[in-house]
Amino acid sequence: MKLLFVLFISCVFAIKCKDFKNIHKNTDYVFKKADADTYVYFNLCGPITTQLEGYDTSDVSVLAYLETYKEKIVLGSTSTESLELVNDGKTLRFTYDGDSSLQLSSRVEVTCGTEDTSSNIKAQIEGSTFIFSFTSPDACPSNKTFPITGLILCIVLFVLIGFYIIITVILNIFVLHKKGLEIIPNYLFWIGLPSLLVDGVKFTFCCKKAGSEYQTFAV
């Protein structure tokens, strides 16, 4: 039942890179502050394409490169990429975990717009999170109708969940002779779900990562 619940949530709410195919570029997005020798290369929906000598970037989506010292700092790993729609569906928010030893992370926010401002990327730091933002028509949702495969998947999930609940309730009543809340499949899970959601919200909005020496990295 828990697996079906997770699949249902994914079916309804998941935003996928394939819905924004043009957001990944053959040439990386690049941010550079005028008075610094640090470049930040990043790409979305996949790893960066910039090749640095002797460095594997196959799992790197956001990379800071200190040119003077030839030092590379991973601000975002491709394998940790998550994508969500914010700002009433107008902005794509990509979130990444970076170098775990430095407790760094990064966020890239691309807002739907007719003008592409990726050549003038804005940057800021919140704690140990590096945030980059710009506008692009590639972040605008397409006008395509709801994919038929997605519709079929949701229907199948609804049917499976319905059958599971009905069959389990019948078994609990007539075979296992359960009564009250016990006839509901995994009722303990559903009773505890609200408190788990509250704990998740508290952790997300109340907890902060420990600082690091790179918090002073100026953008």
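Definitions and cut-offs
- Residues numbered from 1 in each chain as written.
- Predicted model: local features only at pLDDT ≥ 70, side-chain atom pairs only at ≥ 80, totals over all residues.
- Heavy atoms only, no water.
- UniProt positions renumbered as here; feature names shortened; annotations may be inferred.
- Core = buried A, V, L, I, M, F, W, Y, C linked by side-chain atoms within 4.5 Å.
- Buried < 20%, exposed > 50% of the residue type's maximum accessible area, 1.4 Å probe, protein only.
- Helix = DSSP H or I, 4+ residues; strand = E, 2+ residues; numbered from the N terminus.
- Contact = heavy atoms within 4.5 Å.
- Disulfide = S-S within 2.5 Å.
- Pairing = 2+ DSSP bridges.
- Phe/Tyr/Trp six-rings, centres within 6.5 Å; stacked < 30°, edge-to-face > 60°.
- Lys NZ or Arg CZ within 6 Å of the ring centre and 35° of its normal.

- An unreviewed UniProt entry lists the chain under the name MRH domain-containing protein, with Entamoeba nuttalli given as the organism.
- Its UniProt record gives the chain the following Subcellular location (unreviewed entry) comment, quoted word for word: "Endomembrane system".

**Observations regarding the nonpolar core**
Step number 1: Judged by nonpolar contacts, the single largest core of 25 residues is most densely connected at F42, L44, L75, V108 and F132.
Step number 2: Mapped by element, the contributors of at least two residues to this core are β1 (29-32), β2 (38-42), β3 (60-66), β4 (71-77), β6 (91-97), β7 (105-112) and β9 (129-136).
Step number 3: For F132, the residues in contact, after removing those within four places along its chain, are F31, V40, F42, V62, L75, R107, V108, E109, I121, K122 and A123.

**Examining the state of the cysteines**
Step number 1: Inspection of every chain in the model, using the stated rule, returns 1 disulfide.
Step number 2: C112 shares a disulfide with C140; S-S distance 2.0 Å. Since a negative S-S torsion denotes a left-handed disulfide, the C112-C140 link at about 95 degrees is right-handed. You can see C112 sitting in strand β7 and its partner C140 sitting in the loop between β9 and α2 (148-174), a full 28 residues away along the chain.
Step number 3: Take C140: its relative accessible area is 25%, and that puts it in the partly exposed class.

**Overview of the pairing of strand β8 (residues 122-126)**
Step number 1: Alignment of β8 against β9, held across 5 bridges, turns out to be antiparallel. Bridge pairing in β9 places I125 opposite F130.

**Things to note about unusual backbone geometry**
Step number 1: The residue K70 is not glycine, and still its phi comes out positive at about 55 degrees.
Step number 2: The exposure class of K70 is exposed, given its relative accessible area of 53%.

**Overview of the packing of aromatic side chains**
Step number 1: A complete count under the given rule lists 6 aromatic pairs for this structure.
Step number 2: Relative to F134, the ring of Y29 lies with its centre 5.1 Å away and its plane at 40 degrees, an arrangement referred to as tilted. With Y29 in strand β1 and F134 in strand β9, this pair connects stretches of sequence that are 105 residues apart.
Step number 3: An angle of 55 degrees between the planes, with centres 5.8 Å apart, marks the rings of F31 and F132 as tilted. Here F31 is found in strand β1, whereas its partner F132 is found in strand β9, with 101 residues between them in sequence. For the pair formed by F31 and F132, the shared burial category is buried.
Step number 4: Aromatic rings pair up to connect Y29, F31, F42, F132 and F134 into one cluster.
Step number 5: Here the basic side chain of K32 rests over the ring of Y39, its NZ or CZ set 5.3 Å away from the ring centre.

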